[in-house]
Amino acid sequence: MVQVSEKMTLPSHTVQNGSVSVDSGQSRLRELGYKQELKRDLSVFSNFAFSFSIISVLTGITTLYNTGLTFGGPISMVYGWFIAGGFTMFVGLSMAEICSSYPTSGGLYYWSARLAGRNWAPFASWLTGWFNIVGQWAVTTSIDFSLAQLIQVIILLSTGGKNGGGYEGSKYVLIAFHGGILLIHAILNSLPISVLSFFGQLAAAWNLLGVVLLMILIPSVATERASAKFVFTHFNTDNGEGIGSKVYIFVLGLLMSQYTLTGYDASAHMTEETKNADKNGPKGIISAIGISIIFGWGYLLGITFAVTNIPFLLSEDNDAGGYAIAEIFYLAFKNRYGSGVGGIICLGVIAIAIFFCGMSSVTSNSRMVYAFSRDGAMPLSSLWHKVNEQEVPINAVWLSAVISFCMALTSLGSLVAFQAMVSIATIGLYIAYALPIFLRVSLARKSFVPGPFNLGRYGVVVGWIAVLWVVTISVLFSLPVAYPVTSETLNYTPVAVGGLLVITVSWWILSARHWFTGPITNI
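Model, not experiment: these values are computed from the prediction.

Draft legend 1. Representation of the overall build of the chain. The number of helices and strands found in the chain is 22 helices and 2 strands. The C-alpha atoms of the chain give a radius of gyration of 23 Å, which matches the 24 Å a tight globule of 523 residues would have. Counting only residues that meet the buried cut, the chain has 58% of its 523 residues in that class. Of all intrachain contacts in the chain linking residues separated by at least 6 positions in sequence, the fraction that spans at least 24 positions is 82%. Accessible surface, the chain: about 19,300 Å² in total, of which carbon and sulfur atoms supply 65%. One finds the centroid of the 26 positive side-chain charges in the chain at a distance of 11 Å from the centroid of its 23 negative side-chain charges.

Draft legend 2. Seen up close, the packing of aromatic side chains. A complete count under the given rule lists 27 aromatic pairs for this structure. Here F48 and F52 contribute two aromatic rings whose centre-to-centre distance is 5.2 Å and whose plane-to-plane angle is 25 degrees, an arrangement assigned as stacked. Pair noted here: F48 and F52 are both in helix α2 (residues 44–55), with a separation of 4 residues, about one helical turn. Plain terms: the ring middles of W126 and W515 are 5.8 Å apart, the flat faces sit at 85 degrees to each other, and that makes the pair edge-to-face. Linking W126 in helix α7 (residues 121–158) with W515 in the segment after α22 (493–510), this pair joins segments that are 389 residues apart in sequence. Under the relative-accessibility criterion, W126 is labelled buried at 0%. Pairwise contacts between aromatic rings join Y109, F123, W126, W130, F372, W507, W508, W515 and F516 into one cluster. Above the plane of the ring of Y34 lies R374, whose end atom (NZ or CZ) is 4.1 Å from the centre.

Draft legend 3. Representation of helix α15 (residues 324–337) within the structure. End to end, α15 covers 20 Å across 14 residues, agreeing with the expected 20 Å (1.5 Å per residue, within 8%). All of the buried residues in α15 are A324, I325, A326, E327, I328, F329, Y330, A332 and F333. Taken together, the buried residues of α15 touch α3 (57–70), α7, α9 (193–221), α13 (277–304), α14 (310–314) and α16 (341–374). Following α15 by one or two positions, G338 adopts a phi angle in the positive range, close to 80 degrees.

Draft legend 4. Main features of the pattern of salt bridges. Tallied over the full model, the rule gives 6 salt bridges. Close ionic contact of E31 with R28 constitutes a salt bridge, the shortest N to O distance being 2.9 Å. One end of the pair, E31, and the other, R28, are both in helix α1 (residues 24–31), 3 residues apart, so they sit about a helical turn from each other. Taking the relative accessible area as the measure of exposure, R28 reaches 7% and is therefore buried. When the shortest N-O distance is used, the salt bridge between E273 and R367 registers 3.0 Å. Taken together, the residues span a long stretch of sequence, with E273 in the loop between α12 (266–269) and α13 and R367 in helix α16 at a distance of 94 residues. As far as the burial class goes, E273 and R367 line up, both buried.

Draft legend 5. Local environment of the state of the cysteines. Counted by the stated rule, this structure contains 0 disulfides. Not engaged in a disulfide, the cysteine C357 finds its nearest cysteine sulfur in C346; these two sulfurs lie 19 Å apart. What makes C357 buried here is its relative accessible area of 0%.

Draft legend 6. Fine view of the environment of A121. The topology assignment puts A121 in helix α7. Since its relative accessible area comes to 0%, A121 is described here as buried. In sequence terms A121 and C99 are 22 residues apart; their C-alpha atoms lie 17 Å from each other.

Draft legend 7. View of the environment of T308. Looking at the element boundaries, T308 is found in the loop between α13 and α14. Taking relative accessible area as the criterion, T308 reaches 43% and is therefore assigned partly exposed. Sequence-wise, T308 and L156 are 152 residues apart; in three dimensions their C-alpha atoms are separated by 23 Å. With sequence-adjacent residues up to four places away left out, T308 is seen in contact with E224, R225 and A226.

Draft legend 8. Structural context of the packing of helix α8 (residues 171–188) against α16. In the contact formed by α8 and α16, the axes pass within 9 Å of each other and the chain directions differ by 55 degrees. The angle between α8 and α16 places the two elements in the oblique class. Read as a crossing pair, α8 and α16 show a hand that is right-handed. Taken together, the residues of α16 that come into contact with α8 (itself represented by I181, I184, H185 and L188) are F355, G358, M359 and V362. When the residues that make up the contact of α8 with α16 are grouped by side-chain class, the tally is 6 nonpolar, 2 polar and no charged.

Parameters at a glance
Throughout this description, residue numbers start from 1 for each chain and increase along the sequence as written. At least 70 in pLDDT is required for a residue's local features to be given in this predicted model, at least 80 for side-chain atom pairs to be given and counted, and no such filter applies to totals for whole chains, interfaces and linings, which use all residues. Excluding hydrogens and water, the side-chain figures rest on all heavy atoms present in the structure. We count a stretch as a helix when DSSP gives it H or I for four or more residues in a row; a strand needs E for two or more, and each element gets its number in order from the N terminus. Here the globule rule is a power law, 2.2 Å times the number of residues to the power 0.38, and the radius of gyration is based on C-alpha atoms. When accessible area is computed with a 1.4 Å probe and restricted to protein chains, residues below 20% of their type maximum are described as buried, those above 50% as exposed, and intermediate ones as partly exposed. Here a residue-residue contact requires only that any non-hydrogen atoms of the pair lie within 4.5 Å. Here the open area of atoms and residues is found with the Shrake-Rupley method and a 1.4 Å probe, where only the protein chains shown may cover a residue. Lys and Arg are tallied as positive, Asp and Glu as negative. Neither His nor the chain termini are counted. To locate a charge, take NZ of a lysine, CZ of an arginine, CG of an aspartate or CD of a glutamate. Aromatic rings from Phe, Tyr and Trp, with only the six-membered ring used for Trp, were paired whenever their centres fell within 6.5 Å, and each pair was classed as stacked if the ring planes differed by under 30 degrees, edge-to-face if by over 60, and tilted otherwise. Two conditions define a charge sitting above a ring: the NZ of Lys or the CZ of Arg must be within 6 Å of the ring centre, and it must be within 35 degrees of the ring normal. Any helix carries an expected span of 1.5 Å times its number of residues minus one. Basic side-chain nitrogens of Lys or Arg form a salt bridge, by our definition, when they fall within 4 Å of a carboxyl oxygen of Asp or Glu. Note on disulfides: each one is a pair of cysteine sulfur atoms within 2.5 Å. Axis definition: a line fit to C-alpha positions, over the contact stretch in the case of helices; interaxial angles, taken between N-to-C directions, run 0 to 180 degrees. Note on terminology: angles under 35 degrees are roughly parallel, angles over 145 are roughly antiparallel, angles of 65 to 115 are roughly perpendicular, and the others are oblique. We call a crossing left-handed when the near helix sits turned anticlockwise from the far one by less than a right angle, and right-handed when that turn is clockwise. Amino acids are sorted into nonpolar (Ala, Val, Leu, Ile, Met, Phe, Trp, Tyr, Cys and Pro), charged (Asp, Glu, Lys and Arg) and polar (every other residue, Gly among them).

Pasting the structure below:
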């Protein structure tokens, strides 16, 4: 186990070592017992860009807008966004404080090991690590699958729409798109970090500009617009799922917002490649969440002002086959100009944003695999933590792409099974977020030594709010989403997350506890 003397916090600027200037993040990494193996070349903006691109409000809101419209409609989206966003910021602040103290690629699982104390460290890091890594793979799977679905809808609309004899691909075409997208992402992630940094910054700019463009353009082009009263006060109870309770409906509508606001642990996983990471890693986490909340709300408002007929947008008989945002865009241009081409181009803007989102997600996955295998937690660990001449963990990149593709293969057998797999993307990942925060406010409450970024006396209060929010959403998102409950309508989230928990703990009891000792220093 790592035993490092921590008598003072590190300064947040570049440390002077004699006449040689040593990066404070690199200096801290060495204190934690790790060699600098990855290229430390990312600025604070680049670090922010990776998390912001994975949160990608264009991706999350577009993908789950149907869920928001179905469960509560405008009210659950417009106000639910701020509720989910506010509590997510508490989670992000707590993670940022811990990240400042422990800026390593391992991120969450390393934090758990340091905060759990000598006796619990191996198990805490094992459990956190596997929830984090499987959650990340599920995120990549769902991002690239949603891009494949959007491409399919773009093709459908471009060939005449569902009511005009447009081409509807089979589930095999969909999985082929998914595989092709992952292949391109793996190739891009095999390039040096300096190239990825450029793509990351481009992705962040694309997301920001795309949101601004679409939130202004779509309601401006639409010939019929919703009133402010509709956008800010209409509550849709006509969900067709047998649920009448308004509170229950509102809670289910929160899923869209909470699913979107995930993935910001990327800033932590990129800290070994970020300059002055003990300060800039936390900045990346907090700024990615804050800017996403602001721009996401603007995007939600803009799109919702173009909504006039919720049942029609959700109907599988419309031209987009029930893909609400695609139908909104297509109708806006078709009704004004007689052609929906402009709407299809706007969908292309979103498709590129989702592509960048998936690319950044694979980057984050690979750094987690690299760190977890460096500490010997994965089968064939020595293979996965190798870096190439460009200082890229190349094997970890390709492993992440292959596993994400395999997870998507469940969609060929059953969409229910696939949705269960993807549910780990939200709940599984948030459990991984909450574990180190819980340890920080409980076992390590008095022993935690903060880094340059810290919450001072508010750290424990903010941490408990974050933990309680994760517990709350874990319960809420495990509730049935339709009644009566059948094998087709059952919410398999607790089955998937519970299954992951059982496998991880069983593996620990039967085998891993004999050989996994937690993070291993390599200096």
